[in-house]
Amino acid sequence: MTDNTTRLDHVVLWVRDPAASAEFYEKTLGMASIRLTEFTAGEAPFPSARVNEETILDLMPMAMAERMQMLPGAARSAGHPVNHVCLSLPEADFDALRTHLEEHDVPVSDYSYDSFGARGKARRSFYFRDPDGNVFEARHYD
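These numbers were taken from a predicted model, which means no experiment stands behind them. All residue numbers refer to position in the chain's written sequence, counted from 1. Under the rules for a predicted model, residues below a pLDDT of 70 receive no local features and side-chain atom pairs below 80 are neither given nor counted, while totals for whole chains, interfaces and linings still include all residues. The side-chain figures draw on all heavy atoms in the structure; neither hydrogens nor water molecules are used.

Visitor: I'd love a proper account of the pairing of strand S4 (residues 56–61), names of residues and values included.
Guide: In terms of burial, S4 is largely enclosed, as 6 of its 6 residues are buried. Residue alternation in S4 divides its side chains into two sets, Ile 56, Asp 58 and Met 60 and Leu 57, Leu 59 and Pro 61, and both sets are buried. In the sheet, strand S3 (residues 48–50) pairs with S4 via 3 bridges, with the strands oriented antiparallel. Its bridge partner being in S4, Ser 48 is matched across the sheet by Asp 58. Only protein chains enter the area calculation, which uses a 1.4 Å probe; residues under 20% of their type maximum are buried, those over 50% are exposed, and those in between are partly exposed. Each helix corresponds to a stretch of at least 4 residues labelled H or I by DSSP, and each strand to a stretch of at least 2 residues labelled E; elements are numbered beginning at the N terminus. Following DSSP output, two strands are said to pair if at least two bridges run between them.

The structure is reproduced here in C-alpha cells:
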C-alpha cells in the first residue's frame, strides 16, 4: 500500500489463550489467522486476526501485560478498558455474521437503528463478545 493517509492499522486485544482466540476469530468471524503457527512454535509473541487488507487484531496474551512499560500505567490496561471495537460490513455480510454467531451460540444484543459512526448513521447494528469478554459492535450502512 502506497497511500500514506491515516488509517487504523491494528487493535490490541488482551486474551487469556491467544491460540483459542485466533480459532474463534477465524471460525466464528471468518478472519484469517496471522502468525498462529509461529506463535504456537514459540517464534512470535502473539498471533493476529486479519480484519481486512489494512487492519488486524493483535491477540495479546494477558501474561505479557507486565512487560508493557512503554507508557506509565500501560500494564493496567490488561482487561477491558476499551468499550468496544466496531466492525462495518455490507448488509448481506452483516446478516450472515449474526446468523453465524447465533448458530455458534454466541449471545448477541438486540438491533440498534440509526446509530452514528464513521460513515454517518448505520441502518442497523448489534453487539457481541469474544471468549475473553471483549465487546464488538457489528453494523452496516447500506
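Visitor: How would you summarise the sheet that holds S4 if you had to cite specific residues and measurements?
Guide: Across the sheet, 4 strands lie side by side as S1-S4-S3-S2; this open sheet has mixed pairing. Only two strands of the sheet have a single neighbouring strand rather than two, namely strand S1 (10–15) and strand S2 (33–34). Sheet topology places S1 next to S4; 6 bridges connect them, and they run parallel. Considered in S4, the bridge of His 10 is made with Ile 56. Should any heavy atoms of two residues lie within 4.5 Å, those residues are considered in contact. Note on geometry: axes are lines fitted to C-alpha atoms, helical ones only across the stretch in contact, with angles between N-to-C directions running from 0 to 180 degrees. Contacting S1, S2, S3 and S4, helix H1 (residues 18–27) crosses the sheet at an angle of about 155 degrees to S4.

Visitor: Talk me through unusual backbone geometry; I want residue IDs and the actual numbers.
Guide: In this structure, Arg 35 is a non-glycine residue whose phi angle is positive, near 60 degrees. Topologically, Arg 35 is positioned in the loop between S2 and helix H2 (36–40). The exposure class assigned to Arg 35 is partly exposed, which follows from its relative accessible area of 33%. Although it is not a glycine, Asp 114 adopts a positive phi angle of roughly 60 degrees. One can find Asp 114 in strand S6 (residues 112–117).

Visitor: Any chance you could break down the pattern of salt bridges for me, citing the residues and the numbers?
Guide: Any Lys or Arg side-chain nitrogen located within 4 Å of an Asp or Glu carboxyl oxygen qualifies as a salt bridge. Overall, the coordinates contain 8 salt bridges when judged by the stated rule. Residue Lys 27 is joined to Glu 23 by a salt bridge in which the shortest nitrogen-to-oxygen separation is 3.3 Å. One end of the pair, Lys 27, and the other, Glu 23, are both in helix H1, 4 residues apart, so they sit about a helical turn from each other. The class for Lys 27 is exposed, based on a relative accessible area of 55%.

Visitor: Tell me what's going on with helix H3 (residues 91–103), and back it up with residues and numbers.
Guide: A turn of α-helix holds 3.6 residues, and therefore any two residues three or four places apart point the same way. Here a helix's expected span is defined as the number of its residues, less one, multiplied by 1.5 Å. For H3, spanning 13 residues, the distance from its first C-alpha to its last is 18 Å, which sits close to the expected 18 Å at 1.5 Å a residue. For H3, the full list of buried residues reads Phe 94, Leu 97, Arg 98 and Leu 101. All buried residues of H3 fall inside an arc of 95 degrees around its axis, so they share one side. Opposite its buried face, H3 presents the exposed residues Ala 92 and Glu 103, each directed more than 90 degrees away. Looking at the packing, one finds that the buried side of H3 touches strand S7 (120–129) and strand S8 (135–140). Among the residues trailing H3, Asp 105 stands out with phi positive, at a value near 55 degrees. An arc is given here, and it is the one of the directions from the helix axis to the C-beta atoms.

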